[in-house]
Number of protein chains: 2
Amino acid sequence: MDDALPSFSFAVRGAVADAPGPEELRTWDDALVLVADDGEIIGRYDADDPIARQIVRERADDVRQLSPNELLLPGLVDLHIHAPQWPQMGRALQVPLEVWLQKHTFPLEARYEDLEFAKRSYRDLVETLLANGTTTGLYFGTIHNEATLLLAQLCLELGQRALVGRLAMDNPDECPDFYRDASTRAALEGTEAFIEDVRALPGNEKATVKPVVTPRFIPSCTDSCLEGLGELAEKTGAHVQTHVSESDWEHNYVLQRHGKSDTQSLSDFGLVNRHTVLAHGPMLSAGDMDHLVEQGAAVAHCPLSNIYFSNAVFPLRAALAKGLHVGLGTDISGGPSPSLLENARHAVHSSRMLEEGVDPSIEGDARGTPDSRVDFVTALHLATRGGGIALDLPIGSFEVGHRFDAIVVDIAAPGSNIARVLEGLSVADRVQQIVFNAARQNIAEVWVEGSQVSGFRHK
Amino acid sequence: MDDALPSFSFAVRGAVADAPGPEELRTWDDALVLVADDGEIIGRYDADDPIARQIVRERADDVRQLSPNELLLPGLVDLHIHAPQWPQMGRALQVPLEVWLQKHTFPLEARYEDLEFAKRSYRDLVETLLANGTTTGLYFGTIHNEATLLLAQLCLELGQRALVGRLAMDNPDECPDFYRDASTRAALEGTEAFIEDVRALPGNEKATVKPVVTPRFIPSCTDSCLEGLGELAEKTGAHVQTHVSESDWEHNYVLQRHGKSDTQSLSDFGLVNRHTVLAHGPMLSAGDMDHLVEQGAAVAHCPLSNIYFSNAVFPLRAALAKGLHVGLGTDISGGPSPSLLENARHAVHSSRMLEEGVDPSIEGDARGTPDSRVDFVTALHLATRGGGIALDLPIGSFEVGHRFDAIVVDIAAPGSNIARVLEGLSVADRVQQIVFNAARQNIAEVWVEGSQVSGFRHK
């Protein structure tokens, strides 16, 4: 019998759920997920399938049996993290954007020239994100090649899948003297060297850490910088990330400077393609969205950060209806929570507030934008497979052929805020409980590329 | 020297903060708070004050020295909790209100006839709230006297300050047959008996647990029930709680039935006074607010629940500007988090979204309601002293004469999501970190009436 079994490294058995589409929740009361030596998911069976029963019988030691309180979910994919801003999380949020940038954020980012500072801060950040179930992070670094490469190394070392960008910002009109690329050439050469260095990192043979072309946003960059970065993206095939139509100010700045929208401008510079992730986007027009759909580019929806810096809510459901690729971002530290699940809740909240409107002095009929709300299924999709699609990576669901990036969530973990329910719940009900109330304490295990990387939950 | 010292039971020394007013944050880098045997705060000194130095020298064993990562804050006051709804937290939030009530909530509340069920559910709830730093809870129970008295007993036993209401709901037009007071008389007699029973509870000599007159909301009650409850409130001096102008439907229902607003109607029934707490209120008119200010009544602002059930945002800052008493409520389970700190963040978020507006298709100038935002100071005030003022209780700050209801927050606790900051922060900065990112794991100690009641953090 033994040679009839598929070859695998280990299996996980128990309740499983994923959300492969924005309105599609798949649940299994008792499934068996098979993982190969190289971290690929090579099988998924109902536990009463004959093959599953044979595996459980003959290779019991290689089967991780979940407890009745545990649930296997895809790992969380955070599409927008300003890594250097971590030390100011949850501070300075009461000040205007200009003060936030000039007095707090730019001086903080400038400190990453100091590699000791960078190492301590980045380690605490990556450990915190892993502890919260973030198995893939898309990071903005700083203009410093060394510190940003150190972030990439830390992700490799700690076991997080990551895409890391060395920031380009060379526009003296918008960037301070103390924190700016010395020249356009410095920005472009620094970016190109960074791409090569990340790809050559020892231990990165499987490219679980990738480099990203990263203009901060149009206002921070000269046209020649943007043009050069577009050429680099084409030449290297690296991912691209930046901000898009984030706020009234930023959106109008680009209209004034380039006579067109962010999206059109970035596209004309060669920065919008299937491997582009654009953060925010509440001010994207319908035409902008259509263009992003055509190019296969994605939006990193950052609902919590948008409350502080975006002047409006990203029209998520309208974007999804167009087929736009959308995932979720924490936007550390513009968004003050490192938990992608907390941001998933906020995606639901903001969508509901867009639908209902906010101003009670307006009559009920005239208040709000109908058909804007999404529910926990869409939120889970955004936090998992939506991120995987955005990055064009085989992660975010339990599809055979995907990498095994996953979390085990324990709804009854010590220190949990999830109600101890007194009778059986469906897997879908438990998923909803998790989306609305799970915290770091509930993330019992974290797996990336088939390897367990947890151990930071209680750190 | 010794007899020169004030008489006290114990003292806490370290960083301290409170927010006695909506825009007033008080911080002490190193203070000594003195607590008497009976739980009253009888002194507050800077640590270098001669009396403080003498106390530290001569009664070192009675001084709890906080660590550099710990901060003493007032205990959190949750002004709106539907205790019986705890088992459905974080579920059924995607359905319309009518389905939520009829299919989920009423059947669940009806189950509290079963005292074993009630005991397990209520114990888990109160322990969870204490673990999250909620030192005072204002509870809606059910129509069942026994189960609701059991909730009051549990609060006494577990050490939480509480105000508990036996629900009155006798209107057959709006309440289902399986969950309704059998008659108006049953509602009124049940309420009166409950008030007496809570006041007579063994161990409740200091009245740390109080009874509350609790019409569910106007739609659930007949006019004679509301009238009788108003008379009971007057006769017994008990607190009053109900819902007010929560949503378009509810607000308009009362206008149709009584030809006046909720506020005016409740007031005419004798249910609006200095000891009244009204939940929600986004649809309160300016005139309604003025009337509440005149009567000294309070609003329990429930920003998270309002996202699901209120169609608009409560105009918090306008209410505060009028001098309206406002505190915070979780509205378990309409709001899916038991953490009052999470609701404090939502108070900030919702106020910002009201100020900015949400619809990006509206031009920036026309979007939003200016001067609506509040910051973390107001949020902390609402969660602490705002609740104390609403209840007319001497709690919620470190004023001499207040009861010692307090929490010790550890920003570096194991499992914390607060960034490990690499240098010294001001106490105000730490308060902001706590408001935006502290979770259950950060609540290191919980004190009510001068007694420590923690021990549930990791349960």
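Notes on the structure follow.

Thresholds, definitions, all that
Residues numbered from 1 in each chain as written. Chains lettered and ligands numbered in written order. Predicted model: local features only at pLDDT ≥ 70, side-chain atom pairs only at ≥ 80, totals over all residues. Heavy atoms only, no water. Bend = angle between axes of the 7 residues up to and from the residue. Helix = DSSP H or I, 4+ residues; strand = E, 2+ residues; numbered from the N terminus. Buried < 20%, exposed > 50% of the residue type's maximum accessible area, 1.4 Å probe, protein only. Contact = heavy atoms within 4.5 Å. Polar contact = N/O pair within 3.5 Å; in protein donor to acceptor, adjacent residues only side chain to side chain. Salt bridge = Lys/Arg side-chain N within 4 Å of Asp/Glu carboxyl O. Nonpolar A, V, L, I, M, F, W, Y, C, P; charged D, E, K, R; others polar. Least-squares fit on C-alpha atoms with pLDDT ≥ 70 in both. Pairing = 2+ DSSP bridges. Axes fitted to C-alpha atoms, helices over the stretch in contact; angles between N-to-C directions. Left-handed = near helix turned anticlockwise from the far one by under 90°.

**A few points about helix 2 (residues 97-110) of chain B**
Residues and elements named next belong to chain B.
Piece 1. For helix 2, the principal kink sits at histidine 104 and spans about 30 degrees; a proline, proline 107, occurs within the next four residues.
Piece 2. Those residues of helix 2 that sit buried are Trp100, Leu101, Thr105, Phe106, Leu108, Glu109 and Ala110.
Piece 3. Of the surrounding secondary structure, the elements contacted by the buried residues of helix 2 are strand 6 (76-82), helix 3 (115-131), strand 8 (161-168) and helix 10 (303-309).

**So, the side chain of glutamate 355 of chain B**
All names here are of chain B.
Piece 1. Within the secondary structure layout, glutamate 355 lies in helix 12 (residues 340-356).
Piece 2. Within the local environment of glutamate 355, its side chain forms a polar contact with the backbone nitrogen of serine 372, the two atoms lying 3.0 Å apart.
Piece 3. For glutamate 355, the side chain forms a polar contact with the main-chain nitrogen of arginine 373, separated by 2.8 Å.

**Overview of the interface of chain B and chain A**
Piece 1. The interface is formed by 68 residues belonging to chain B together with 68 residues belonging to chain A.
Piece 2. Applying the counting criterion to the chain B and chain A interface returns six salt bridges.
Piece 3. For the salt bridge of aspartate 248 of chain A with arginine 367 of chain B, the shortest nitrogen-to-oxygen distance reads 2.9 Å.
Piece 4. The tally of links from chain B across to chain A stands at 37 residue pairs in polar contact (both at pLDDT 80 or more).
Piece 5. Those elements that place two or more of their residues in the side of chain B that touches chain A are helix 3, helix 10, helix 12 and helix 14 (427-437) of chain B.
Piece 6. Here the element with the most residues in the side of chain B that touches chain A is helix 12 of chain B; it accounts for ten residues.
Piece 7. Its residues placed into classes, the side of chain B that touches chain A shows 29 nonpolar, 21 polar and 18 charged.

**Section: the environment of aspartate 181 of chain A**
Residue and element names in this part refer to chain A.
Piece 1. Among the structural elements, aspartate 181 can be located in the loop between strand 8 (161-168) and helix 5 (184-199).
Piece 2. Separated by 175 residues in the primary sequence, aspartate 181 and glutamate 356 place their C-alpha atoms 44 Å from one another.
Piece 3. In this structure, aspartate 181 is in contact with Ile143, Arg166, Leu167, Ala168, Met169, Asp170, Ala186 and Ala187, ignoring residues within four places of it in sequence.

**Section: the relation of the copies chain B and chain A**
Piece 1. Structural alignment of chain B on chain A gives an RMSD of 0.0 Å, achieved by rotating through 180 degrees and translating 0.0 Å along the axis. What the superposition gives is, in effect, a two-fold axis relating one chain to the other. Distance from the rotation axis, computed per C-alpha, reaches its smallest value in chain B at valine 358 of chain B: 3.7 Å.
Piece 2. Here 100% of the contact residues of chain B are again contact residues in chain A; the copies associate through an equivalent surface.

**Quick look at the pairing of strand 1 (residues 10-21) of chain B**
Residues and elements named next belong to chain B.
Piece 1. Taking burial as the measure, the twelve residues of strand 1 include ten buried ones, the bulk of the element.
Piece 2. Alignment of strand 1 against strand 2 (residues 24-35), held across nine bridges, turns out to be antiparallel. Note on strand 2: the bridge partner recorded for alanine 11 is leucine 34.
Piece 3. Turn length for the strand 1-strand 2 hairpin, with the two strands adjacent in sequence and antiparallel, is two residues.
Piece 4. Both strand 1 and strand 4 (residues 63-65) contribute to a ladder of three bridges, which runs parallel. Paired with arginine 13 across the strands is glutamine 65, a residue of strand 4.
Piece 5. As paired strands, strand 1 and strand 5 (residues 70-74) are joined by two bridges and run parallel to one another. By the bridge assignment for strand 5, alanine 15 is matched with leucine 71.

**Looking at the packing of helix 3 of chain B against helix 4 (residues 145-158) of chain B**
Residue and element names in this part refer to chain B.
Piece 1. At a minimum axis distance of 9 Å, the contact between helix 3 and helix 4 shows a crossing angle of 35 degrees. As helix 3 packs across helix 4, the resulting crossing turns out to be right-handed. Together, Leu115, Ala118, Lys119, Tyr122, Arg123, Val126, Glu127 and Leu130 of helix 3 and Glu146, Ala147, Leu150, Leu151, Leu154, Cys155, Glu157 and Leu158 of helix 4 make up the contact between the two elements.
Piece 2. Residues belonging to the contact of helix 3 with helix 4 are distributed by class as follows: eleven nonpolar, no polar and five charged.

**As for the pattern of salt bridges**
Piece 1. For the coordinates displayed, the defined rule picks out 54 salt bridges over all chains.
Piece 2. We note a salt bridge from arginine 26 of chain B to glutamate 399 of chain B, for which the minimum N-O separation is 3.0 Å. Of the two residues, arginine 26 of chain B is situated in strand 2 and glutamate 399 of chain B in the loop between helix 13 (376-391) and strand 14 (406-410); the sequence distance between them amounts to 373 residues.
Piece 3. With relative accessibility at 17%, the residue arginine 26 of chain B sits in the buried group.
Piece 4. Judged by its relative accessible area of 33%, glutamate 399 of chain B falls in the partly exposed class.
Piece 5. Several salt bridges converge on common partners, so that one network encompasses Glu40, Arg161, Lys206, Arg403, Asp405 and Glu449 of chain A.

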